[in-house]
Every structure is written in C-alpha cells, then in structure tokens.
Amino acid sequence: MKKRRTFRRQVDQMFRKPRDVGFLSKVSLLLVTTFLCLALIMISRGIKKHFVKELEINANNLAFGYNHSLTKTVEASNVVSQLINEKLEIISGFISNYGQGLTSEDLKKIALMISVEEIDIYGDSGEIRLSNVDEYIGWIPPDNHPVRNFILSGATSHIDPIRDNTITGHAVLYGYARMEDGQIVQVGINAKVLQNLIQEFEVNDLLREMLTHNNVEYVKYISASRVILDSSSGEEIGNVLPENSQEETLYDAIGIGLFQSVQPKDYFDVYEPVYINGQNAGDLVIGISLENTRNAVKELNRSVTVVLIMLYLAALLMIHLLNSKNRKLSYLAYEDELTKLPNHKYLRRILRYELNKSPRDKIALVLIDIPRFTRVTIARGYEKGNVILRTIAKNIEALNIPGAELFRYSDEKFMMLIKNYDSKESLMGMMDALSSAIPMEDGENIEKRFRTLTFGALEVTEKYRRVGEALVDVMIAMDNVKEDGAKPYAFFDEAMEERIKRENLIDKELRTAIENPHEEIIYLAFQPIVDSRSENVAAFEALARMNSKYYDFVPPLEFIEIAEKNGLMVPLGQIILEKALDFIKNSDDQGYSVRIAVNISAIQVLQENFVSMVKKALTKSGVKPSDLELEITETVFLSNYDLVNRKLGQLKELGVLIAIDDFGTGYSSFARLKELHVDTVKIDQYFIGRISTLSPKELITGDIINMVHKFGLKTVAEGIETQKERDYLRDAGCDFLQGYLYSRPLSEEKSFSYIKCHSIMDDNITIESGKAENGMLS
Ligand code: C2E
Ligand code: MG
Ligand code: MG
C-alpha cells in the first residue's frame with residue numbers, strides 16, 4: 001500500500017483494470033470521435049461529389065445545347081473552305097501555267113472570272129508582288145499578321161476566319177496556299193458574298209457565346225488530331241493541344257480533399273465530341289472555372305464541420321455527465337461509507353478479475369477480525385464502535401504493506417488482498433505487524449487475545465477458479481484461529497477443508513435422519529444408572545449414536561454440535577426424546593420399572609414451545625412424566641436464567657425430573673441451586689476421575705455431594721470406572737452411580753438383559769456387534 005489514499009483515488013486507479021466506468025467512457029469517446037471523423041470525411045466527399053456532378057451535368061448540357069449549332073457552323077465552314085480551296089486551286093493552276101509571266105492584270109481578270117474580291121501573290125521577301133488591287137502591291141504584312149503567321153508556319157494551306165482587310169477595313173474571308181515553288185497565294189472573298197454562310201461560319205462567335213454560361217471560362221474547338229481549330233479567345237488557333245498526361249477527374253481537379261494527392265487546378269477541360277454526318281469532327285473543349293464550385297464546397301464543408309463539432313461537443317458533455325454519474329453510482333455501490341474503503345462487492349469484483357487474469361499474480365487473502373467488537377460496541381456505544389473501525393483501517397493502511405489493498409468486508413471484518421508477496425513467512429510477519437493495529441483505551445487492561453486482531457489467511461493458488469471458493473476458504477481459516485491467542489492467525493490448509501467436508505456430510509446425514517427417523521441413522525444407546533446402595537438399575541441415560549454411511553464412528557459431541565450449528569437440534573432432539581420414551585414404554589411392557597434420562601440441548605430449552613413439546617411427547621407415548629428425567633447443562637442458564645428456570649418449573653409441575661449435567665465444569669453456583677427447579681445434580685467425570693489420583697484431603701468431590709444434599713437435591717456420579725471411585729462415592733453418600741464400572745451404553749435389548757441381572761457386571765456386553773463403542777474405555 002502506498003501512503004494513505006482515499007477510496008476515490010484507489011477506485012480511479014483500479015478502474016483501469018476491470019472494464020467499467022472509466023474504460024467505458026474512454027471507449028465511448030473513441031467511438032464517438034471515430035464516428036464523427038468518418039462522418040466528416042463521408043459528408044465532405046458527398047458534398048464534393050454532388051458539386052462535381054452538377055458541374056459535369058451543366059457542362060454536358062451546355063455542350064449538348066451547342067452541338068447542333070456547332071455542327072451547322074462547321075458544315076458551313078467546310079462549304080466555305082471548299083469554296084476558297086476551289087478558288088485557290090484555280091489560281092494555283094493559273095500560276096503553274098503562266099509561271100513568272102503572270103501579271104497583276106491577269107489577276108484582275110481571274111478575280112472577275114472566279115468572283116473573288118482579292119488575289120495576292122507574295123514575293124520571297126514577304127511583300128505583295130502581284131495583286132488584282134493595285135494599291136496592295138508592295139504591302140508587307142506586319143508581325144503577327146495572319147498572313148505572316150501563315151508564311152512562317154510552313155503549312156500548305158489555311159483559311160482564316162472572316163476578318164477585316166487590314167487596309168480597307170472590309171470584312172473578307174481569306175484563304176492561303178503555298179505553291180510548290182514556295183510562292184504564297186492569298187484569295188479573299190468579300191464577306192457580303194458569303195452573307196448566308198457567315199452567320200453559321202462564325203464558330204468563334206458561337207464559342208464566345210458559350211462563355212456567357214456560368215463557370216465557363218473558355219471554349220475551344222479542336223480537331224481529332226487535337227489541333228485547335230478555333231477558340232473563344234481567338235488565340236492558340238492552329239496550335240496543337242498537348243495530350244493529357246494522366247487521366248484526371250474533375251473530382252481531383254477541384255481539390256479540397258483530406259487525402260488529396262493531385263494538385264488542384266483553376267480550370268478543368270470537359271471534352272464533348274462533335275459528330276458531322278456520323279463522323280467524328282473533333283471535340284468541343286469547355287474550360288470550366290473551378291473557383292466557384294470550390295468555394296461552394298468549402299463553404300458547405302465549413303458549415304458541416306461546425307455542426308459536427310457542435311455534435312461532438314454535445315457528445316463529450318454527455319459522456320462526461322454519464323461518466324461522472326456512473327462514477328458516483330460506483331462509489332455508492334463500492335465504497336464503504338464509514339471507512340471510505342472499497343467494500344466487499346468491490347473485493348469480489350477485483351478478485352474475479354485477478355482470478356481470470358492470465359498469467360495470474362501471486363495473491364493471498366487475509367481476513368481481519370476484531371475480537372469482541374460487538375461487545376465493545378454495546379458497552380461503549382455505536383459511535384465509539386465506528387471510531388474503532390476507522391482507526392483500525394487507518395492504522396492498517398499506515399503500515400504501507402507493498403502490493404496490499406484493504407477492503408471493509410463486513411461489520412467487524414476487513415479483508416486484505418496482497419499481490420506478489422514473497423513467501424508464507426512474509427505473510428506471517430505481516431500479520432504479526434498488523435495484529436496491534438487495534439486501538440486501546442488508555443489504561444485498558446484486558447487479556448492479550450482481546451487486544452490483537454485475528455487473521456484467517458489464504459494463499460490463492462491456481463486451483464481457485466471462483467471467488468466464492470476463495471472467500472469460503474479464508475473464512476474457514478479464520479474459523480480455525482485458536483482462541484488461546486498463541487498465534488493470532490491461521491492459514492487455510494487441506495485438513496481444514498477435510499473438516500468442513502466431513503461437517504457437510506454429517507449435516508447431510510442428519511437431515512436425512514430427521515426426514516426418515518425410522519431409518520435409524522440416529523439411534524440410542526442406554527447406559528444404566530444404579531442406586532448406590534442396592535445397585536439396582538434406577539434409570540438409563542439415553543445417549544445418541546450415529547450410523548454414518550461415510551464414517552466409521554462419529555462421536556455424539558461432534559454431530560450434536562453440527563446439529564446445533566446448523567439449526568437441526570430442535571427436530572433431532574425431538575426424535576431422540578420420542579425414541580427414549582419408546583424405550584421406557586417397551587421396558588414397561590416387559591414389566592421393568594426404570595426412568596430414562598435424556599440429554600437436552602440449550603437450544604431446545606430456549607424454544608418457545610419446548611414445554612408443550614415434552615408434554616405432547618409424553619401424552620403420545622403414554623409414559624408417566626416421573627419416568628422422564630431431562631439432563632441440561634449449566635450453560636443453558638447463561639442465555640436467559642429466568643426464562644429457563646421458569647420453563648424448568650413448568651416441567652417440574654408436570655412431574656418431569658430435571659438433572660443438571662456435568663456439574664462443576666461450567667459456571668457452577670451453589671447459591672443458585674436453591675432457587676433452580678432441579679431434582680438431581682450429575683457430578684462431572686472430572687471430579688470422579690480425581691478420586692483415583694488425589695489424596696482424600698485434596699478431594700472436594702465429597703464436599704460437592706454434601707452441598708447438593710443440603711439443597712435437598714439428589715446426586716449422580718458419572719464416569720465411574722474403578723471400585724475405588726465407587727467406594728468413595730458410596731461413602732460420601734452419592735445417591736446414584738453411572739459408569740463403565742457398571743456398564744457401557746447398551747442397545748435396548750441388552751439394556752433389558754442388564755436389568756434382569758443388574759448385579760452381574762458383564763464387560764462383554766456391547767451395544768452392537770461390529771460397531772465399536774466410542775472407545776471411552778480402551
Ligand atoms: P454426557 O451427557 O455427560 O454423557 C456421558 C458421557 O460419558 C457419554 O459419552 C458416556 O458414554 C460417557 N461415559 C459414561 N461412563 C463413562 C466412563 O466410565 N468413562 C468414560 N470415559 N466415559 C463414560 P457419549 O455417549 O460420548 O456422550 C458424550 C456427550 O454427548 C454427552 O455427555 C452429552 O453431552 C452429549 N450427548 C449424547 N447424547 C446426546 C443427546 O441425545 N442429546 C444431547 N443434547 N446431547 C447428547
Ligand atoms: Mg448426560
Ligand atoms: Mg455428563
């Protein structure tokens with residue numbers, strides 16, 4: 001034990017072991033945290049998916065909505081391209097035919113002939129060498145001009161979208177072709193001529209119109225070979241769009257994931273294929289801005305997170321409240337209010353845990369008892385009793401025994417659970433040290449055995465599987481602490497266990513005997529009591545015997561004690577009384593007139609209906625009350641002198657005789673003999689045996705007889721074994737004699753034979769063949 005700890009701290013520490021309050025709260029906390037984290041992840045994924053889906057649907061709808069227009073436009077564009085290409089082909093034919101001889105005048109004619117606005121042939125240095133429009137001759141296209149771009153591109157032909165003529169400002173559709181000899185030919189058709197087609201041909205307008213839709217940042221129209229045919233910005237036309245290096249999804253591109261591996265982007269390209277006459281004519285690339293969506297996702301995530309955090313806090317609060325409530329309930333259930341120690345329920349719990357542990361610790365149980373506690377409490381008051389208990393608990397804890405936990409086990413008992421102790425000897429030393437933990441009043445001078453605590457100890461070996469077994473055995477050990485106070489403790493051992501087993505079997509047999517009195521499990525032996533002068537049989541003492549299935553011989557003192565301890569004495573006593581009365585009835589029937597002396601336990605006398613029970617038994621058997629003598633010991637008077645004496649008076653009034661058995665051994669008082677309703681005093685064997693060993697001077701047996709006579713009572717001497725004892729007693733005037741000298745206890749049959757030849761002492765007469773008499777005379 002560490003320093004004095006409060007129970008609360010102990011519980012807190014112990015709660016780490018068995019699965020209880022603290023553990024459960026931790027688990028709930030973990031579950032709630034996990035659940036809410038998962039919920040957060042799932043919800044945020046859900047939100048993102050929802051927005052992505054929406055975005056994709058919008059892009060698809062947009063593409064789908066424009067697909068028709070785009071198809072038309074592309075078709076128109078193709079017609080125009082074809083037109084221009086035809087014109088370019090014609091001009092190229094002319095150039096090939098005429099070679100260097102072709103003049104600007106020729107071009108004018110050709111232009112009229114093929115109905116084009118403009119035909120220009122560029123010289124090597126990039127200037128217009130020949131043209132149907134005179135003022136254009138010599139014009140050099142500036143940098144980044146579409147013509148210059150074409151010249152530099154190396155392409156064989158190209159058609160511009162309709163644009164203004166750089167010089168005149170008219171809208172013209174231009175086409176370019178590169179001749180085999182490197183000359184560049186440019187053909188321009190007045191846009192007005194193409195009026196019908198222009199509208200549809202303006203792919204660029206269409207793409208720009210698409211920009212007006214939400215989240216659309218740019219739109220490109222690309223060919224199957226990824227060449228940008230047109231773009232909403234008008235830039236990049238003719239460039240080749242790089243291949244997507246990896247499959248990227250809109251979901252990844254948005255970003256904001258907890259486990260996002262891909263770098264988030266500002267735009268995402270949605271590809272929508274364009275089909276013309278069932279042929280793939282390229283793709284519409286819609287560049288969607290992700291910013292709005294990302295912001296919306298973030299916004300919603302934030303709200304969800306706030307809600308979940310609030311839920312989490314609420315759950316924490318609930319767990320905390322439940323935890324403290326359960327803790328309080330635990331304290332109520334497991335704390336001893338007075339000493340603040342854990343109680344026996346908690347001990348059982350801890351013990352169960354320890355017994356189920358694998359591997360198990362080396363553990364011992366020590367039951368601690370406070371001698372005379374009830375008496376002290378009665379004498380000094382309840383409050384004082386409480387103070388004593390608290391002080392003992394404090395004193396024991398102050399010893400700081402390593403590995404030990406103290407529990408309040410019952411009213412005046414504590415239990416100590418010691419883990420990983422060194423040896424049995426160390427436990428002994430510990431108990432010696434603990435024994436003086438009992439507080440003493442100043443100047444209190446009482447016997448040592450009342451000044452020390454007593455202990456029952458048990459080493460809880462592997463054989464113990466259940467708590468109950470260990471607790472019973474430690475109590476057995478406590479039960480075996482010797483009253484002499486030599487050692488204040490007893491360890492449980494196998495012999496104790498054997499004793500308990502024997503007690504249980506005897507108890508079982510007694511119960512069967514009570515349920516079936518005719519089975520003769522309990523039967524009677526009869527010992528003659530003779531008149532000291534005539535030596536005629538005056539009476540028989542009925543002595544109970546047991547015919548045990550399990551043991552050869554069970555002494556009456558043993559089974560009577562077990563019956564008394566286990567609440568069987570009253571029914572058993574009644575059976576014995578009835579059997580004894582049967583004996584008298586049978587002897588009457590045979591013409592003998594003897595009394596029967598029946599031993600009665602204190603417990604029987606104290607029964608409320610004892611007198612009426614005796615009365616009923618007498619009536620039932622038809623035996624005269626004066627033929628019955630009840631033997632009671634002096635201890636009967638200890639519990640309630642007046643009540644017992646009153647009952648004896650009532651029995652006497654009936655005519656029943658009363659004898660005090662074993663006189664002289666207990667709390668004998670001659671003074672009381674006068675007022676007691678008794679007829680006979682049976683002087684204990686102790687005073688008879690001494691006749692043979694002590695000198696006449698030292699002997700007080702004769703004095704006892706005299707004294708008893710003075711009160712007008714008869715005397716019986718029991719346990720006479722020698723002639724010397726008989727002679728002494730006869731001389732001393734003892735009225736009746738009983739002992740092996742006359743006869744051992746006999747069976748009913750042999751008792752009758754004994755009466756017949758009462759003067760013949762036959763040592764060979766035994767009560768039953770095969771069953772040894774209890775060896776009192778060996
Ligand atoms: P107890 O009533 O004092 O009985 C006398 C005991 O002394 C008997 O022992 C008897 O056999 C024994 N005894 C008689 N003569 C001699 C002798 O010369 N030498 C020696 N050494 N012993 C002698 P038992 O039968 O073993 O009974 C022992 C005690 O058991 C009885 O003492 C009595 O207290 C109790 N007991 C026996 N039967 C009953 C019963 O039916 N009811 C009750 N309540 N107690 C009974
Ligand atoms: Mg007796
Ligand atoms: Mg006796």
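To be clear, the structure that these remarks concern was listed above.
Remember, predicted model here, so these are calculated numbers, not experimental data.

I'm lost on the coordination of the magnesium ion (ligand 3) in this one. Help?
Those protein atoms acting as donors to the magnesium ion (ligand 3) are Asp 661 (OD), Asp 662 (OD), Glu 718 (OE) and Glu 718 (OE), and they sit at 2.0 to 2.6 Å. Site description for the magnesium ion (ligand 3): donor spacing in sequence, D-D-x55-E. Taken as a pair, the magnesium ion (ligand 3) and the magnesium ion (ligand 2) lie 4.1 Å from each other and share Asp 661 as a ligand. Placement of the pair is Asp 661 in strand E20 (residues 657-663) and Glu 718 in strand E22 (residues 714-718), with a sequence separation of 57 residues. Take Asp 661 and Glu 718: they sit in the same class, and that class is buried.

What should I look at first to understand the packing of helix H15 (residues 494-515) against helix H17 (residues 569-589) in this one?
For any two helices packed against each other, one specifies the crossing angle of their axes together with the interaxial distance. It is the contact of H15 with H17, at a shortest axis distance of 10 Å, that shows an interaxial angle of 50°. Comparing the axis directions of H15 and H17 gives the class oblique. Pair H15 / H17 crosses with left-handed handedness. Contacts from Leu 510, Ala 513 and Ile 514 of H15 reach H17 at Pro 571, Leu 572 and Ile 575.

Please clarify how the coordination of the magnesium ion (ligand 2) should be interpreted in this entry.
When four donors bind a metal tetrahedrally, each ideal donor-metal-donor angle is 109.5 degrees, and when six bind octahedrally, the ideal angles are 90 or 180 degrees. Listed as protein donors to the magnesium ion (ligand 2) are Glu 541 (OE), Asn 599 (OD1), Glu 631 (OE) and Asp 661 (OD); their distances from the metal cover 2.0 to 2.3 Å. All donor residues of the magnesium ion (ligand 2) come from one chain, and their arrangement in sequence is E-x57-N-x31-E-x29-D. Judged by its relative accessible area of 6%, Asp 661 is buried.

Sorry if this is basic, but what is going on with the site of ligand 1 here?
Around ligand 1, a shell composed of 25 residues is seen, among which Asn 599, Asp 661, Gln 685, Glu 721 and Tyr 740 lie nearest. A distance of 2.9 Å separates a nitrogen atom of ligand 1 from a polar atom in the side chain of Gln 527. The separation between an oxygen atom of ligand 1 and a polar side-chain atom of Asp 662 is 3.2 Å. Listed by contribution, the elements that provide at least two residues to the shell around ligand 1 are strand E17 (537-546), helix H16 (556-565) and E20. It is E17 that provides the largest number of residues to the shell around ligand 1, a total of four residues. Per-class residue counts for the shell around ligand 1 are 11 nonpolar, seven polar and seven charged.

Which parts of the structure should I look at to understand the environment of Ile 254?
Along the chain, the position of Ile 254 falls in helix H7 (residues 250-254). Under the relative-accessibility criterion, Ile 254 is labelled buried at 0%. The spacing of Ile 254 and Asp 266 is 12 residues in sequence and 7.9 Å in space, taken between C-alpha atoms. The contacts of Ile 254, once residues within four sequence positions are left out, are Lys 48, Val 52, Pro 264, Leu 290, Thr 293 and Arg 294.

Explain the packing of aromatic side chains here, please?
Aromatic rings in a pair are described by how distant their centres are and how their planes are angled relative to each other. Going through the model one piece at a time under the given rule, you end up with 11 aromatic pairs. When the centroid spacing of 5.3 Å and the interplanar angle of 20° are considered together, the rings of Phe 150 and Tyr 176 count as stacked. With Phe 150 in helix H4 (residues 146-153) and Tyr 176 in strand E5 (residues 171-178), this pair connects stretches of sequence that are 26 residues apart. When its relative accessible area of 3% is taken as the criterion, Phe 150 is described as buried.

Can you help me understand the sheet that holds strand E8 (residues 228-231) in this one?
Hydrogen bonds between backbone atoms are what pair the strands of a sheet, whose relative direction is either parallel or antiparallel. With antiparallel pairing, four strands are arranged side by side in an open sheet as E8-E7-E10-E9. If you trace the sheet from one side to the other, it starts and ends with E8 and strand E9 (267-276), each paired once. With strand direction ignored, the average angle separating the axes of adjacent strands in the sheet is 25°. The pairing of strand E7 (residues 216-222) with strand E10 (residues 279-289) spans six bridges and is antiparallel. Residue pairing for E10: Val 216 is matched across the bridge by Ile 288.

Can you walk me through the nonpolar core in this structure?
Side chains of nonpolar character tend, in soluble globular proteins, to be buried together. One finds Leu 510, Ile 596, Val 614, Leu 628 and Leu 630 to be the most contacted residues of the largest nonpolar core, which totals 79 residues. Of all the elements, H17 adds the most residues to this core, at eight residues. Setting aside chain neighbours within four positions, we find Leu 510 in contact with Ile 522, Met 546, Phe 559, Ile 562, Ala 563, Leu 568 and Leu 572. Ranked by size, the runner-up nonpolar core spans 31 residues in total, among them Ile 401, Ile 418, Ile 438 and Phe 491.

Help me understand helix H9 (residues 344-356) in this model?
The periodicity of an α-helix, 3.6 residues per turn, causes residues three or four positions apart to be oriented the same way. In a regular helix each residue adds 1.5 Å, so 13 residues correspond to 18 Å; H9 covers 18 Å between its end C-alpha atoms and thus fits that length. Among the residues of H9, those classed as buried are Tyr 346, Leu 347, Arg 349, Ile 350, Leu 351, Glu 354 and Leu 355. You can read the cap of H9 off the contacts: a side-chain oxygen lies 3.1 Å from the backbone nitrogen of Lys 345, and it is on Asn 343.

Looking at this structure, I do not really get the pairing of strand E19 (residues 628-633). What am I missing?
When a strand is regular, its side chains alternate between the sheet's two faces. Within E19, five of the six residues are buried, which leaves it mostly tucked inside the rest of the structure. Strand direction decides the pairing type here: strand E18 (residues 595-599) and E19, joined by four bridges, are parallel. If you follow Asn 599 over to E19, its bridge partner there is Glu 631. Direction of pairing for E19 relative to E20: parallel, over a ladder of five bridges. In the strand pairing of E20, Glu 631 is matched with Ala 659.

Can you help me understand the packing of helix H19 (residues 610-621) against helix H21 (residues 641-654) in this one?
Running from N to C, H19 and H21 point in directions that differ by 20°, and their axes come no closer than 9 Å. One element, H19, and the other, H21, form an angle in the roughly parallel class. The chirality of how H19 crosses H21 is right-handed. Residue-level contacts link Phe 610, Val 611, Val 614 and Lys 615 of H19 to Lys 647, Gln 650, Leu 651 and Leu 654 of H21. Residue classes in the contact of H19 with H21 are distributed as five nonpolar, one polar and two charged.

Conventions used here
Residues numbered from 1 in each chain as written. Chains lettered and ligands numbered in written order. Predicted model: local features only at pLDDT ≥ 70, side-chain atom pairs only at ≥ 80, totals over all residues. Heavy atoms only, no water. Donors = N, O, S within 2.8 Å, 3.2 Å for Na, K, Ca; no water. Helix = DSSP H or I, 4+ residues; strand = E, 2+ residues; numbered from the N terminus. Buried < 20%, exposed > 50% of the residue type's maximum accessible area, 1.4 Å probe, protein only. Axes fitted to C-alpha atoms, helices over the stretch in contact; angles between N-to-C directions. Parallel < 35°, antiparallel > 145°, perpendicular 65-115°, else oblique. Left-handed = near helix turned anticlockwise from the far one by under 90°. Contact = heavy atoms within 4.5 Å. Near = heavy atom within 4 Å. Polar contact = N/O pair within 3.5 Å; in protein donor to acceptor, adjacent residues only side chain to side chain. Nonpolar A, V, L, I, M, F, W, Y, C, P; charged D, E, K, R; others polar. Phe/Tyr/Trp six-rings, centres within 6.5 Å; stacked < 30°, edge-to-face > 60°. Pairing = 2+ DSSP bridges. Core = buried A, V, L, I, M, F, W, Y, C linked by side-chain atoms within 4.5 Å. Expected span 1.5 Å × (residues − 1).

Remember that the coordinates give geometry; whether it matters functionally is a separate question.
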